Amino acid sequence: MSGAGKPWVGDLVHDESAGRTGIVSDVRNGVYVLRPENGPGHWLCEVPGRLTVVVRREERRSDG
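Along every chain, residues carry numbers that run from 1 in the direction the sequence is written. Local features in this predicted model are restricted to residues whose pLDDT is 70 or higher, and side-chain atom pairs enter the listing and the counts only when it is 80 or higher, whereas totals over whole chains, interfaces and linings include all residues. By convention in this description, side-chain values take in all heavy atoms of the structure and omit both hydrogens and water.

So, about the pattern of salt bridges. Salt bridge, as applied in this entry: a Lys or Arg side-chain nitrogen positioned within 4 Å of an Asp or Glu carboxyl oxygen. Enumeration according to the criterion identifies two salt bridges in this entry. Between D11 and R56 there is a salt bridge, and its shortest N-O distance comes to 2.7 Å. Here R56 lies in the loop between strand 5 (51–55) and helix 1 (57–63) and D11 lies in the segment before strand 1 (12–15), a separation of 45 residues in the sequence. Any residue under 20% of the maximum accessible area for its type is buried, any over 50% is exposed, and the rest in between are partly exposed; the area is computed with a 1.4 Å probe on protein chains only. By relative accessible area, R56 is classed as buried at 17%. Between D26 and R28 there is a salt bridge; the shortest N-O distance is 2.9 Å. D26 sits in the partly exposed class, given a relative accessible area of 26%. Think of it this way: any DSSP run of H or I at least four residues long counts as a helix, any run of E at least two long counts as a strand, and we number them from the N terminus.

Shown next as structure tokens:
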């Protein structure tokens, strides 16, 4: 896990509160909207300090 810096849209993150890993799909008034890597659904994270960046968006895009 890189963990450096603040997560942003497109980053793969681990949500400590939810015990899940997902992709940041939006940030609305400081609330992070996350979706699973695969499949439908979403959840919210109101405490971004509990998000740890696993892979930055830029790194994910260069893999494909």
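Okay, back to it.
Pairing analysis gives six bridges linking strand 2 (residues 20–28) to strand 3 (residues 31–36), with the strands arranged antiparallel. The residue bridging G22 from the neighbouring strand is P36, located in strand 3. Where strand 2 folds back onto strand 3 in an antiparallel hairpin, the turn is made up of two residues, including N29, whose phi is positive at roughly 50°. At least two DSSP bridges between two strands are required for those strands to pair. By the bridge criterion, three bridges tie strand 3 to strand 4 (residues 43–45) in an arrangement that is antiparallel.

Planes of paired rings set the category: under 30 degrees apart is stacked, over 60 is edge-to-face and the rest tilted, where pairs are Phe, Tyr or Trp rings (Trp by its six-membered ring) whose centres lie within 6.5 Å. All chains considered together, the criterion is met by zero aromatic pairs. Between the NZ or CZ atom of R20 and the centre of the ring of W43, over which it lies, the distance is 3.8 Å. Any Lys NZ or Arg CZ found within 6 Å of a ring centre and within 35 degrees of that ring's normal is scored as a charge over the ring.

Burial of nonpolar side chains together is a common tendency in soluble globular proteins. Among the buried residues, those of types Ala, Val, Leu, Ile, Met, Phe, Trp, Tyr and Cys that are joined through side-chain atoms within 4.5 Å form a nonpolar core. Residues V13, V24, Y32, L34, W43, C45, L51 and V53 constitute the largest nonpolar core, which totals eight residues. Broken down by secondary-structure element, the contributors of at least two residues to this core are strand 3, strand 4 and strand 5.

This part takes up the pairing of strand 1. A regular strand places its side chains so that they alternate between the two faces of the sheet. The sheet contact formed by strand 1 and strand 2 spans four bridges and is antiparallel. Counterpart to V13 in the pairing with strand 2 is G22. Between strand 1 and strand 2, which pair antiparallel and follow one another directly, the connecting turn spans four residues, one of which, G19, has a positive phi of 65°. The sheet contact formed by strand 1 and strand 5 spans four bridges and is antiparallel. Note on strand 5: the bridge partner recorded for L12 is V55.

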